[in-house]
Amino acid sequence: MEKTVVGKSYPRLDGPAKALGAAKYVADLKMPNMLYVKVLRSPHPHARIVRIDSSKAAALPGVRAVLSGQDCQAMLGLYLIDRPIFAIDKVRFVGEPVAAVAATSLRLAAQALALIAVEYELLPPVLDLATALAKDAPLVHEKLHEYAHIHNVFFPVPHTNISNHSKIRKGDVNLGFSQSDYVYEATYRVPQMQHVPIEAHGAVAQMDMTGKVTIWSGCQSPNAVRKLAAVAFNLPEGRIRVITPQVGGGFGGKAGIGIEGMVMALAMRVAPYPVRLILEREEVFCGTAVRQGLQATIKTGYTKEGRLLAQEADLIWDGGAYTEYGVNIVRAAAYSSAGPYDIAHLKTDSYCVYTNTPVGGPFRGFGMGELHWALEQQIDAIAAKLGMDPVAIRLQNAVCDGSTNATGEVLVGVGLSKCIEGAARLIGMDATPSERKPNHGKGLACMVKGPSTPGTAASSAFIKINEDGSINVTISSAEIGQGMQTVMAQIAAEELGLSMEMVHINTPDTDYSPYEWQTVASRITYSTGNAVQRAAREARGKLLAMASEKLESPPESLTIVRGVITRRDGIGPATSIKELALGLSLPTGAGRGGPVMGTGYFIPDGIHGMDPETGQTPKVTSHWTFGAQAAEVAVDIETGKVNVLRVSAVYDTGFVLNPLLALGQVEGGIMQGLSVALYEELQLSQGQVKNQSFVDYKIATAAELPEMLVGFVETPLDDGPYGARGFGEHTMVPTAPAIANAIFNAVGVRIVDLPITPEKVLAALRAKPK
Amino acid sequence: MQRKIAFTVNQQQVEMVVDPFERLIDVLRERLDLTGTKEGCGGGECGACTVLLDGESVNSCLVLAVEIDGKAVRTVEGLSHYLELDELQQAFVNEGAIQCGFCTPGMLMSARALLDKNSEPTVADIREAISGNLCRCTGYERIVVAVSKAARPASALT
Ligand code: FES
Ligand code: FES
């Protein structure tokens, strides 16, 4: 059937409210008698808490509650429960919450913080991976072996700093190396970095006098917050309500549970008053989750024709002080470790390592940006060694239908080669060398990613029809800027034969909107999209059943166009969604049926755990999305400064539901990727973040905007709505390696450690043999 | 020492008593409940709090309340005509210049300040005008396109 709403460029539904300044974010909520929270944070990377004396702070007039690990022993964790709400017994990173104050004003709360006396006994800190992995290293978590975690999915190594070790053993890697003509090994590094959403993290919580808790949180995952808070505080989920207004950017930094635990603990002390915590920008830098660091050593065996035969990968992740979420990034990297290539023999060891540095967590791409920084330079370096074209070597090794990936899964519906060819064509990779300007170069990188969710990650949707014939689509995924609400509305409109003006959509409220696992993993279009499509189809079925009775024609003969229901052949009378919204009224004056609702749910089919020893499995994730980007750069060889002139990007998104919003996702991803490539790094000194402001931690501005050339490939996904795949995170994954490869093409130096600063480029140019 | 100040916000006359260290952003958000203006850093580094002060774009987190005595403040709430978007806001919506929307009010005010002075800005002018406004979502391109379109509506382009 011809599609009328999906596939079209509708401007976003929440656009007008955002442009008017009317959209509400958590910091815009104000409640009577609201209390303000300030957090006392650890000044030490690793220290025992000998004593906390908060009596003076508590005695200050206007202070309503002071809490620390002495009063609150609750623990948090998505996959491995290792994170206390307030440090218990010892602190593990600079910036860790030690205590918090709720007072009648922010100024008073800040004054009270200064009155809390904490006595520390310093412990030897674990500040880097080498220290963490050394024999007899100080342990960041002595009780790792006692922590609850998901068994047979994550593999902590007791009495070490390794909180997860994920393995891939595919084929026979020794055989693969022995069959290879050449072997190339290199090490690549990615520093920790911040998501820096422009809206800082914030939450408000209130407990009423019946003990019911409401949390307003600018988060990605209201149901995950509810669930993890329920476990931490031993409350049933139904007694916790999480409301998520508009969210000012997430990128993974607001996934899982963050500051909500602290705010809830305080609210439970000061009932019935609401308490509010909005982080300062400095606290976002030191106190919220960061992208994990990575040290990746890749050894590749290949033939003289450029065919990759074997790969051994050591992926050592700096998980920071707590890895309750990070362990799964490490697992995802293991099962994605062949990247987008068909490699017969693989051996991967991916380690999540505790250090006394800021907490690692999910960041747009969930480990794929870090992994591909290594893999996509490795294959480029191999191409250069063989004197091969970097596009040709990728096309030769790219997975296609029938290839197996790292877990042995046989792939279908793979459009990778078209993405590579498309990105190469858009930027003109094949331009002859004579057209090249000095110190200008082009480079390409590709990528693969699947949603790294548990096999049970579920979505649901609920649609009700209003008296005016409009509908409300009710879901619990968060609008974090990705445009999810608009796309969900398009799906509902398409299925119900409505125009977009007739669709309303809510932000989540767990008391009223149905379950959603998390707004992460580029899974909403796919997973929630399926749930919305099913809910709309159910509502449509009910409408057509009533219309059939009214129009005296079988349901299959009917159609709905812009809310009007007629026979497909146009013969006979018409009715409308509006007329049927509250049920069928019969000529006799009686009624039948009732107000129409539709419900839908979705869990991907057949996800299967990995073999603990080999990582092999028929289906580790719901689906894979592929893409490629190419960059053109100019390198100033006097200063080492890299100017990114153009970036092309082509993704196989299965089906483009909204071209305007899809373009925005790709352009935004490219710019974030460019920023990560050239600027971003958490500078740590003795575990302390030194660049805690936008002056010291630079992100890309409009001044650095390259020309962007974007294309899409549409290889339908069997179980995606209209064939759509997720791709929101993917858009920043290959940008950094594409830029690095372009620099190599331009000036013959390869920068293996992010970010690509002028100093590194200059040093590499000086070290280059003349 | 507290001080009484008088100023206009979006053409409405306002008088209030302010503390010496009270910031303009707090006057707008906390006292007047004009929460369209956003705080992203509190240090003059992100531009989310941009408003117009006598027509000039300023970071309202860096302006003290006492400094606005006798001046005219314009915020994002003052761009629209009643509930109707102005052409700049409409261009932001239509061209996909908004994602999470947290930078949007500040972006709009920086762009407004530019267009009020220069009705035919080049792309370079636009980039320069918004280069103090950080956006983590959009990649800026759609914002530049939106400002260009608002400066030269479709009729002028074709
Ligand atoms: S909040 Fe004023 S510049 Fe960032
Ligand atoms: S739209 Fe999110 S920061 Fe600009």
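See the structure above.
Values in this document were obtained by computation on a predicted structure and should not be read as measured data. Every chain's residues receive numbers from 1 upward, in the order its sequence appears when written. For naming, the first written chain is A and the first written ligand is 1, with later ones following in the order written. Note on the predicted model: pLDDT of at least 70 is required for a residue's local features to be given, and 80 or more for side-chain atom pairs to be given and counted; whole-chain, interface and lining totals, by contrast, use all residues. Side-chain numbers come from the whole structure's heavy atoms, not from hydrogens or water.

A. Up close: the overall build of chain A. Counting from the N terminus, the helices are DSSP H or I runs at least four residues long and the strands are E runs at least two residues long. When helices and strands are tallied, chain A shows 18 helices and 34 strands. Throughout, the radius of gyration refers to the C-alpha atoms, and the reference size of a globule is 2.2 Å times the residue count to the power 0.38. For 770 residues, the compact-globule estimate of 2.2 N^0.38 gives 27 Å, and chain A sits close to it at 27 Å. Each principal axis of the C-alpha distribution contributes one length, and for chain A these read about 95 × 75 × 50 Å. Out of the 770 residues in chain A, the part that is buried amounts to 65%. Taking contacts inside chain A between residues at least 6 apart in sequence as the whole, the part at least 24 apart equals 79%. Here chain A holds 69 positive side-chain charges and 74 negative ones, and the gap between their average locations is 3 Å. Under the scheme applied here, a residue whose accessible area is under 20% of the maximum for its type counts as buried, over 50% as exposed, and between as partly exposed, the area being computed with a 1.4 Å probe on protein chains only. Residue contacts are counted whenever heavy atoms from the two residues lie within 4.5 Å of one another. In this tally, Lys and Arg are treated as positive and Asp and Glu as negative; His is ignored, and so are the chain termini. Lysine's charge is taken at NZ, arginine's at CZ, aspartate's at CG and glutamate's at CD.

B. Local environment of the sheet that holds strand β13 (residues 240-243) of chain A. Residues and elements named next belong to chain A. Paired strands are those between which DSSP finds at least two bridges. Taken in spatial order, the 7 strands make up an open sheet running β3-β7-β1-β14-β11-β12-β13, and their pairing is mixed. Two strands lie at the open edges of the sheet, namely β3 (63-68) and β13, each paired on one side alone. Each neighbouring strand pair of the sheet contributes to a mean axis angle of 20°, computed without reference to strand direction. By the bridge criterion, 6 bridges tie strand β1 (residues 35-41) to strand β7 (residues 97-103) in an arrangement that is antiparallel. Across the sheet, Y36 pairs through a bridge with A103, a residue of β7. Interaxial angles span 0 to 180 degrees and are taken between N-to-C directions of axes, which are lines fitted to C-alpha atoms, for helices over the stretch in contact. Seen against the sheet, helix α3 (residues 106-114) touches β1, β3 and β7 and runs at an angle of roughly 30° to β1. Seen against the sheet, helix α6 (residues 222-233) touches β12 (213-217) and β13 and runs at an angle of roughly 150° to β13.

C. Here's a closer look at the side chain of N133 of chain B. Residue and element names in this part refer to chain B. Locating N133 in the fold gives a position in the loop between α4 (123-129) and α5 (141-151). N133 gets classed as buried once you look at its relative accessible area, which sits at 3%. Pairing of N or O atoms within 3.5 Å defines a polar contact, subject to two protein rules: one partner must be a possible hydrogen donor and the other a possible acceptor, and residues neighboring in sequence count only if both atoms are side-chain atoms. Among the polar contacts listed, one links the side chain of N133 to the backbone oxygen of G47, at a separation of 3.0 Å. At 3.5 Å, the side chain of N133 and the side chain of T50 are in polar contact. Other than its neighbours up to four places away in sequence, N133 contacts C46, G47, T50, G106, M107, S110 and Y140.

D. Summary view of the interface of chain B and chain A. Taken together, the contact pairs 42 residues of chain B with 49 residues of chain A. The term salt bridge refers to a pairing of a side-chain nitrogen on Lys or Arg with a carboxyl oxygen on Asp or Glu at a separation within 4 Å. Viewed at the interface, chain A and chain B are joined by 5 salt bridges. The salt bridge involving D33 of chain B is made with K30 of chain A; its shortest N-O contact spans 2.9 Å. Applying the counting criterion to the chain B and chain A interface returns 22 residue pairs in polar contact (both at pLDDT 80 or more). Listing elements by their share of the side of chain B that touches chain A, those giving two or more residues are α1 (24-31), α2 (87-94), α3 (104-117) and α5 of chain B. Polar here means any residue outside two lists: the nonpolar Ala, Val, Leu, Ile, Met, Phe, Trp, Tyr, Cys and Pro, and the charged Asp, Glu, Lys and Arg; Gly therefore counts as polar. A per-class count over the side of chain B that touches chain A returns 18 nonpolar, 13 polar and 11 charged.

E. Molecular detail of the packing of helix α10 (residues 368-386) of chain A against helix α11 (residues 390-397) of chain A. Residue and element names in this part refer to chain A. Close contact between α10 and α11 brings their axes to 9 Å; oriented N to C, the two are set at 115°. Viewed along their axes, α10 and α11 form a crossing whose handedness is right-handed. Across the interface between the two elements, E376, I379, D380, I382 and A383 from α10 touch P390, I393, R394 and N397 from α11. Here the residues of the contact of α10 with α11 are counted per class, giving 5 nonpolar, 1 polar and 3 charged. Note: crossing handedness is left-handed where the near helix turns anticlockwise from the far helix by less than a right angle, and right-handed where it turns clockwise.

F. Just helix α17 (residues 735-747) of chain A, in detail. Residues and elements named next belong to chain A. Helix span, as expected, comes to 1.5 Å for every residue beyond the first. Here α17 is 13 residues long and its end C-alpha atoms lie 18 Å apart, about the 18 Å a rise of 1.5 Å per residue gives. The set of residues buried in α17 consists of T735, A736, P737, A738, I739, A740, N741, A742, I743, A746 and V747. Positive backbone phi, approximately 75°, marks G748, located one or two places after α17.

G. Structural detail: the packing of aromatic side chains. Residue and element names in this part refer to chain A. Pairing of aromatic rings covers Phe, Tyr and the six-membered ring of Trp, with a centre-to-centre limit of 6.5 Å; geometry is then stacked below 30 degrees between planes, edge-to-face above 60, and tilted otherwise. All told, the structure shown has 12 aromatic pairs over all chains when counted by the stated rule. Here the aromatic rings of Y79 and F154 are separated by 5.2 Å at their centres, their planes lie at 50°, and the arrangement is tilted. Of this pair, Y79 sits in the loop between β4 (75-76) and β5 (83-84) while F154 sits in the loop between α4 (129-133) and β9 (162-170), and the two are 75 residues apart along the sequence. Here Y79 and F154 have matching classes, each one buried. Of the aromatic side chains, those joined through ring pairs into one cluster are Y79, F154, Y325 and F366. The criterion for a charge sitting over a ring is simple: Lys NZ or Arg CZ within 6 Å of the ring centre, and within 35 degrees of the ring normal. Here R291 stacks its cationic end above the ring of F363, 5.3 Å away from the centre of that ring. Over the aromatic face of Y679 sits the side chain of K698, whose NZ or CZ is 4.7 Å from the ring centroid.

H. Local environment of the sheet that holds strand β21 (residues 459-465) of chain A. Residues and elements named next belong to chain A. Spatially, β23-β22-β21-β29 is the arrangement adopted by the 4 strands of the open sheet, whose pairing is mixed. The sheet terminates laterally at β23 (503-505) and β29 (597-602), the two strands that pair on one side only. When the angles between neighbouring strand axes are averaged without regard to direction, this sheet yields 20°. Examined bridge by bridge, β21 and β29 share 6 bridges and lie antiparallel to one another. Directly across from A461, in β29, lies its bridge partner G600. The strands touched by helix α14 (residues 524-551) are β21, β22 (471-474) and β29; relative to β29, the strand with the most contacts, the crossing angle is about 150°.

I. Region of interest: the pattern of salt bridges. All names here are of chain A. By the definition in use, this model includes 46 salt bridges over all chains. Notably, a salt bridge pairs E613 with K167, separated by 2.9 Å at the nearest N-O pair. Placement of the pair is E613 in the loop between β29 and β30 (625-635) and K167 in strand β9, with a sequence separation of 446 residues. Across the pair D753 and R189 runs a salt bridge, and its minimum N-O distance is 3.5 Å. Of this pair, D753 sits in the loop between α17 and α18 (758-767) while R189 sits in strand β10 (residues 182-190), and the two are 564 residues apart along the sequence. You can call D753 partly exposed: its relative accessible area is 25%. A cluster of three or more residues bridged by salt bridges with shared partners is formed by R12, D14, K18 and E479.

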